[in-house]
Amino acid sequence: MVNANESMLSDNQMIAWLRGLLTIALADGHYDPEEQALVAKITQELTLPNQTTIEFESISASELASQLGENKRIAENFLKTAVLVALADGVYSTEEAKILHEYREALGLEIEVLKSLEVTLYQSDQAQTEIPPDLLQPVKTWLDGVDIEDPRLARFLCKLIPAQCPFERDIVLFNRKIVHIPPMCKLNPLYEQLVGLRFRALSYLADERQEDVSDYL
């Protein structure tokens, strides 16, 4: 069990953080009862407050900002993880970009490097073009600075990010395709940042928390 005094985030902040990440991940707006049950199971595994029922609801920008508070370090770390979740499948959609923009504004952050992500926006009616590597270097450097200081967040990231680059596949949840992972996910412009984030989360749990991380390997 996690001692709340040993965690950087309060229970309410942790719930808001996860709701924000899941809002990004489910940006298509469809969230059925089976998925709600799955999220409840995950949050209970992460030792969030013991409640009779834990129902996930998309979190608005204003509520997120209210729950996370005025600590800019916490706010910026949340935004970094939100960006990585948005690009986890290699596609940055306009809906994801809209939510991230609303979150950034509500949190009172000015992150100039995020503008470079606009070139990766997916347009269904346009051919995707190769992105020059140096164009995204500022945002890559920014994302590499994610601080992992809460064991519940570290566990969530280890569950969320695959242990290795998968082959092309569809992720199906309760007979509904929720995401398509293209072949050679290293084509994801932020693939190295995703891998690095997972490694830091694992290292934090193993080295600083002395937890057994074999289930995540």
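What counts and what doesn't
Residues numbered from 1 in each chain as written. Predicted model: local features only at pLDDT ≥ 70, side-chain atom pairs only at ≥ 80, totals over all residues. Heavy atoms only, no water. Phe/Tyr/Trp six-rings, centres within 6.5 Å; stacked < 30°, edge-to-face > 60°. Helix = DSSP H or I, 4+ residues; strand = E, 2+ residues; numbered from the N terminus. Buried < 20%, exposed > 50% of the residue type's maximum accessible area, 1.4 Å probe, protein only. pLDDT = per-residue confidence, 0-100. Contact = heavy atoms within 4.5 Å. Axes fitted to C-alpha atoms, helices over the stretch in contact; angles between N-to-C directions. Parallel < 35°, antiparallel > 145°, perpendicular 65-115°, else oblique. Left-handed = near helix turned anticlockwise from the far one by under 90°.

(A) View of the packing of aromatic side chains. On inspection of all chains with the given rule, the structure shows two aromatic pairs. With centroids separated by 5.8 Å and ring planes inclined at 85°, the aromatic side chains of Trp17 and Phe78 adopt a geometry described as edge-to-face. A residue pair is termed long-range when its members are at least 10 positions apart, and Trp17 in helix H1 (residues 11-25) and Phe78 in helix H4 (residues 72-86) qualify at 61 residues. When its relative accessible area of 3% is taken as the criterion, Trp17 is described as buried. Residue classification places Phe78 among the buried positions, given a relative accessible area of 0%. Among the aromatic side chains, those forming a connected cluster through ring pairs are Trp17, Phe78 and Tyr103.

(B) A look at the confidence of the model for the protein chain. Across the protein chain, pLDDT averages 77, with 66% of residues at or above 70. The weakest mean pLDDT in the protein chain belongs to helix H2 (residues 33-45) at 58; the strongest belongs to helix H3 (residues 61-68) at 96. Ignoring residues within four places in sequence, the model shows residues 1-6, a span with pLDDT below 50, making eight contacts including any to other chains.

(C) Quick peek at the packing of H1 against H3. Following both chains from N to C, one finds H1 and H3 inclined at 150°, their axes separated by 8 Å at the closest point. Here H3 runs roughly antiparallel to H1, going by the angle between their axes. Like other packed secondary-structure pairs, H1 and H3 cross with a definite hand, here left-handed. Here Asn12, Gln13, Ala16, Trp17 and Arg19 of H1 lie close against H3, whose contacting residues are Glu63, Leu64, Gln67 and Leu68.

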